[in-house]
Amino acid sequence: MSLSIRPATWDSVSPEWTALLTRARPPAGAFATPEFQSAWWDAFAAGPGADGCRLDLQAVRDGEELVGVLPLMRRDAAAHLIGDSDVCDYMDIVAAPGREADVVGALLDHLDAAGASSLSLPGLPHGSATLELLPAAAARGWDVQSEPEAVCPVLALAPDWDGYLAAIRTRHRREVRRKMRNLLDGGATVSLEAIDDPDALLGAMPEFLALMAASRGDKADFLTPRMTAFFQGLARRMGPAGLLRLYFFHVDGKRAAAVLCFRACGELQMYNSGYDPGLRELSVGLASKVFVVRDAIERGLARVDFLRGEEPYKFQLGAKPSPVTRLDLRRAAADGGAA
């Protein structure tokens, strides 16, 4: 076996990358797709203020077959996975099933050939083959440090709504039912709207962003012009690929709350949300997420990943914590000298 590592562009590798993901089903889900990563690159690295960052995207091939993707960027001799923890809940390399060790080895070969002095791998999800295999890199002249970075609460879905309610803790089940009674006993008419159509997603993005900004002051501060452009880029890139779903929760015919989700690998990833603060007393923020969970069950999905953050509502809805880990590699010191 002789693997080759070849520089790639978004356009040259994306179709094969997408096909590879249908087999690999990476634990990073939609964050591992070329659509998400190219949207991040366009918003944060391709223009002014990129701080000397350059694309180092590599295709790993066995002959002409794509067996892995190394989504890297470089600042001088420092290599980093494409993305940042502000908007990338997960990050990882991509490997074909059964070829994970080969692709990790190719990553190390590429770092050697490029003269890289360090590699930062934040955002590695639970179940990542990279997290399992890469620490062995210490034998190839690297010091490897591993540290917990975050927690993503993840909800394994029952096959039906009654099964879901029966599976969550009694006090949480009572709380969910109480919140829903408060909403419905007041006479409100509620419904859930799911938007998948690419043009409709683009058209609805301004209203989603407005609800997101209105719901909390920190979210309003978060939505800088560059961040707003990033969200719009997600709709442009991920919508046509079928990777994005935008939910609006309606109260009496009004869009009262919104949840932006990624969908990939048989799961839903709740990426961000917002609600009308004038309806806070009706708990429309929580209610919207309850309805999204029910919709995911009805669609036969395996799980809902609430992504980073340990907000209490995620655990009230039955999620269990899943660790996110950061690996950092640096060239090992030689002969007792400084690295």
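In this report, we go over the structure that sits alongside the text. (Residues numbered from 1 in each chain as written. Predicted model: local features only at pLDDT ≥ 70, side-chain atom pairs only at ≥ 80, totals over all residues. Heavy atoms only, no water.)

Quick look at the overall build of the chain
This is how the line gets drawn: Each helix is a run of H or I in the DSSP string that is no shorter than four residues. Each strand is a run of E no shorter than two, and both are numbered from the N terminus. With C-alpha atoms as the basis for the radius of gyration, the globule rule is written as 2.2 Å multiplied by the number of residues raised to the power 0.38. Accessibility here uses a 1.4 Å probe with only protein chains present; expressed as a share of the type maximum, an area under 20% marks a residue as buried, one over 50% as exposed, and anything in between as partly exposed. Note on contacts: a residue pair qualifies if any of its non-hydrogen atoms lie within 4.5 Å across the two residues. Accessible surface is estimated by sampling points in the Shrake-Rupley manner with a 1.4 Å probe; for residues, cover comes only from the protein chains shown. When charges are counted, neither His nor the chain ends are considered; positive counts come from Lys and Arg and negative counts from Asp and Glu. Charge positions are represented by NZ for Lys, CZ for Arg, CG for Asp and CD for Glu.
Helices and strands together make up the secondary structure of the chain, namely 11 helices and 13 strands. Over its C-alpha trace the chain gives a radius of gyration of 21 Å, about what one expects of a compact globule, namely 20 Å for 339 residues. Overall, the chain is about 75 × 40 × 40 Å in size when its C-alpha atoms are taken along their principal axes. Buried residues in the chain amount to 51% of all 339 residues. Summarising the internal contacts of the chain: among those between residues at least 6 apart in sequence, 74% fall at separations of at least 24. Accessible surface, the chain as shown: approximately 14600 Å² in total, 50% of it carbon and sulfur. A gap of 5 Å separates the mean positions of the 37 positive and 44 negative side-chain charges of the chain.

Quick look at the environment of Leu260
Among the secondary structure elements, Leu260 is positioned in strand E10 (residues 254-264). For Leu260 and Leu81, which are 179 residues apart along the polypeptide, the C-alpha to C-alpha distance reads 24 Å. Leaving out residues up to four positions away in the same chain, Leu260 has contacts with Met205, Phe208, Phe231, Leu244, Arg245, Leu246, Gln269, Met270, Tyr271 and Asn272.

Comments concerning the nonpolar core
Under the convention used in this document: We call a set of buried Ala, Val, Leu, Ile, Met, Phe, Trp, Tyr and Cys residues a nonpolar core when their side-chain atoms join them within 4.5 Å.
By size, the foremost hydrophobic cluster in this structure holds 82 residues, and its most contacted members are Trp40, Leu134, Phe208, Phe230, Phe231 and Tyr271. Residue contributions to this core peak at 7 residues, all from helix H7 (residues 198-215). When near neighbours in sequence (up to four residues on either side) are disregarded, Phe231 contacts Met205, Phe208, Leu209, Met212, Phe222, Leu223, Leu260, Tyr271 and Asn272.

Concerning the packing of helix H2 (residues 34-44) against helix H9 (residues 225-238)
To be explicit about the condition: Comment: axis = line fitted to C-alpha atoms, over the contacting stretch for helices; angle = value between 0 and 180 degrees taken between N-to-C directions. An angle counts as roughly parallel when it lies under 35 degrees, as roughly antiparallel when it exceeds 145, as roughly perpendicular when it falls between 65 and 115, and as oblique in every other case. The sense of a crossing depends on the near helix, which, turned anticlockwise from the far helix by less than a right angle, makes the crossing left-handed and, turned clockwise, makes it right-handed. By the convention adopted, Pro, Cys, Tyr, Trp, Phe, Met, Ile, Leu, Val and Ala count as nonpolar, Lys, Arg, Asp and Glu as charged, and the other residues, Gly among them, as polar.
Relative to each other, H2 and H9 sit at 150°, their axes nearing to 9 Å. One way to sum up the angle between H2 and H9 is to call them roughly antiparallel. Once H2 is placed against H9, the crossing between them reads as right-handed. For the pair H2 and H9, the contacting residues are Glu35, Phe36, Ser38, Ala39, Trp40, Asp42, Ala43 and Phe44 in the first and Arg226, Met227, Phe230, Gly233, Leu234, Arg237 and Met238 in the second. The class makeup of the residues in the contact of H2 with H9 is 9 nonpolar, 2 polar and 4 charged.

Quick look at the pairing of strand E6 (residues 118-125)
Defined as follows: Pairing between strands requires that DSSP locate at least two bridges from one strand to the other.
Across the 8 residues that make up E6, a large majority, 8, are buried. Bridge count between strand E4 (residues 78-81) and E6: 3 bridges; the pairing is parallel. Paired with His80 across the two strands is Ser120, which belongs to E6. Where E6 lies against strand E13 (residues 320-331), 6 bridges are found, and the strand directions are antiparallel. Of the residues in E13, the one forming a bridge with Pro125 is Val324.

What about the side chain of Arg245?
Note the following rule: Here a polar contact means two N or O atoms within 3.5 Å. Within protein one must be a hydrogen donor candidate and the other an acceptor candidate, and residues neighboring in sequence count only if both atoms are side-chain atoms.
With respect to the secondary-structure elements, Arg245 resides in strand E9 (residues 244-251). Of note is the side chain of Arg245, whose polar atom sits 2.8 Å from the side chain of Asp196. Those residues in contact with Arg245, other than ones at most four positions away along the chain, are Ala194, Ile195, Asp196, Leu201, Val259, Leu260, Cys261, Arg263, Leu268 and Arg299.

Description of the packing of aromatic side chains
Note the following rule: Under the pairing criterion, centres of Phe, Tyr and Trp rings, with the six-membered ring standing for Trp, must be within 6.5 Å; the plane angle then separates stacked pairs below 30 degrees from edge-to-face pairs above 60, leaving the rest tilted. Throughout this description, the term charge over a ring refers to an Arg CZ or Lys NZ atom that lies within 6 Å of the ring centre and within 35 degrees of the ring normal.
In total, this model carries 18 aromatic pairs according to the counting rule given. Ring centres 5.2 Å apart and planes at 50° place the aromatic pair Phe44 and Phe230 in the tilted group. Here Phe44 is found in helix H2, whereas its partner Phe230 is found in helix H9, with 186 residues between them in sequence. Across this residue pair, the class does not change: Phe44 and Phe230 are buried. Considering the side-chain rings of Trp161 and Tyr164, the 5.0 Å spacing of their centres and the 35° angle between planes classify their relative orientation as tilted. Of this pair, Trp161 and Tyr164 both sit in helix H5 (residues 161-167), 3 residues apart, roughly one helical turn. Residue classification places Trp161 among the partly exposed positions, given a relative accessible area of 22%. Here Lys289 stacks its cationic end above the ring of Tyr313, 5.2 Å away from the centre of that ring. The ring of Trp161 is capped by Arg294, whose NZ or CZ atom sits 5.9 Å from the centre of that ring.

Keep in mind these values describe shape, not function.
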